[in-house]
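# Examination of the molecular architecture
Take a look at the letters that make up each chain.
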Amino acid sequence: MELGIRDRVAMVAASSKGLGFGIARELAREGVRVSIGSRTESEVFEVADLLAEETGTEVLANVLDAADPDSITQWLDNTMAAFGNVDMLVVNAGGPPAGKFDDFADSDWQAAFELTLMSAVRMIRAVLPSMRENGRGSILTITSCSVKEPIDFLLLSNVMRSGVTSLAKSLSRQLAPENIRVNNLMPGRIDTDRVESLDSLHADAKGVPVEEVRAANELGIPLGRYGTIEEFGRFGAFLLSDAASYITGQTIAVDGGSVSTVW
Ligand SMILES: NC(=O)c1ccc[n+]([C@@H]2O[C@H](COP(=O)([O-])OP(=O)(O)OC[C@H]3O[C@@H](n4cnc5c(N)ncnc54)[C@H](OP(=O)(O)O)[C@@H]3O)[C@@H](O)[C@H]2O)c1
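Residues numbered from 1 in each chain as written. Predicted model: local features only at pLDDT ≥ 70, side-chain atom pairs only at ≥ 80, totals over all residues. Heavy atoms only, no water.

## Focus: the site of the ligand
Convention followed: By convention in this text, a residue qualifies as near a molecule or strand provided that one of its non-hydrogen atoms is within 4 Å of it. Definition of a polar contact: a pair of N or O atoms within 3.5 Å, with one able to donate and the other able to accept a hydrogen when the atoms are protein atoms, and with sequence-neighbouring residues admitted only if both atoms are side-chain atoms. In this description, accessible areas are obtained by the Shrake-Rupley approach with a 1.4 Å probe, and a residue is regarded as covered only by the protein chains that are shown. The helix and strand labels rest on DSSP assignments: H or I over at least four residues marks a helix, E over at least two residues marks a strand, and numbering proceeds from the N terminus.
Neighbouring residues of the ligand: 28 residues in total, closest Ser-16, Thr-40, Ala-93, Ile-190 and Thr-192. In this structure, Ser-38 approaches the ligand through a side-chain N or O atom, which is 3.1 Å from an oxygen atom. Ala-66 is positioned with one of its backbone polar atoms (N or O) 2.8 Å from a nitrogen atom of the ligand. Against a free-state accessible area of 880 Å², the protein chains account for coverage of 92% of the ligand. If you list the elements that add at least two residues to the shell around the ligand, you get α1 (18-29) and α6 (193-206).

## Things to note about the pairing of strand β1 (residues 9-13)
The cut-off we apply is this: Exposure categories follow from relative accessible area, calculated using a 1.4 Å probe and restricted to protein chains: below 20% of the type maximum is buried, above 50% is exposed, and the middle band is partly exposed. At least two DSSP bridges between two strands are needed for those strands to be called paired. Every crossover in which the path from the first strand over the helix to the second runs clockwise, viewed with the strands pointing away from the viewer, is termed right-handed.
With respect to burial, β1 is a largely interior element, five of its five residues being buried. Of the two faces of β1, the one lined by Val-9, Met-11 and Ala-13 and the one lined by Ala-10 and Val-12 are each fully buried. Bridge analysis of β1 against strand β2 (residues 33-38) gives five bridges, and the strand direction is parallel. Considered in β2, the bridge of Ala-13 is made with Gly-37. With α1 bridging β1 and the parallel β2, this β-α-β connection has right-handed handedness.

## Describing the packing of α1 against helix α2 (residues 41-55)
Quick reminder of the rule: As a rule, the C-alpha atoms of each element are fitted with a line to give its axis, helices using only the stretch in contact, and angles between N-to-C directions run from 0 to 180 degrees. Whether a crossing is left-handed or right-handed is set by the direction in which the near helix is turned from the far one by less than a right angle, anticlockwise for left-handed and clockwise for right-handed. Residue contacts follow a heavy-atom distance rule, with two residues in contact if any of their heavy atoms lie within 4.5 Å. Nonpolar residues are Ala, Val, Leu, Ile, Met, Phe, Trp, Tyr, Cys and Pro. Charged residues are Asp, Glu, Lys and Arg, and all others, Gly as well, are polar.
Direction vectors running N to C along α1 and α2 enclose 30°, while the axes themselves pass 9 Å from each other. Taken as a pair, α1 and α2 cross one another with a handedness that is right-handed. Side by side, α1 and α2 meet where Phe-21, Ala-24, Arg-25, Ala-28 and Arg-29 of the first sit next to Val-47, Leu-51, Glu-54 and Thr-55 of the second. Partitioned by chemical class, the residues of the contact of α1 with α2 number five nonpolar, one polar and three charged.

If you want it as structure tokens, here you go:
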């Protein structure tokens, strides 16, 4: 794809692997200068080097903990110092722990709120001044199909991601007059470490091999398989780019057809 975004600047959170990495790599392939961030220093620096080598674009590595407000501020400062402005933001973080209602105390709810919802608020707040100065911007939040069809054992995720989805819609209306678009992607089952570990949890709970759990999950996906991070990343990069210039306020599933509701 040639999306016409060469030399723009993108900040992609939680991007040393998985969904964030998928989007960061597609953006880098388009010639976007990408500022990636994750908690594990060695991994994020290694991935930045690999991406820069593969794509020939500038990739800035940052140690980022999405749950820590100071870390988000530092990420923005590093990006502004290296690239001078921000055109695109991908809001992403690790998922809150799995479990059902009786498993969680107030402290668990508070931690999930900080990790999932407040990280979105803080990341968006951080980039808005630069986007406003540029007179354009594009923000993509990543939530989950669970905001449409809650997943029983992912209660914290269901609730907090619904908040992020609502935030994206509300902000899209508020920011549209400033030429800043906000969209939200709902992954179904994209083949990442996170999904693999959730499948393993399930397999252990049921006492069956993980392959059996995966095969059963795939039966429920109309396209018959998990998605790849390339498939997720391509669509994310498209939505962030000017090729999607008339699309804002949308929550779109990348799920192989799994969600069974019309809207
Ligand atoms: N894959 C799916 O199909 C799917 C479906 C629905 C929802 N989701 C959600 O989408 C998000 C990404 O999932 P994924 O599948 O890409 O997971 P993943 O493959 O495990 O990758 C997670 C990435 O996020 C980073 N990360 C984790 N916690 C972080 C934090 N607090 N601050 C900054 N970076 C952090 C990780 O690096 P470090 O550990 O080094 O920080 C890693 O780079 C998760 O919230 C997940 O629950 C995924």
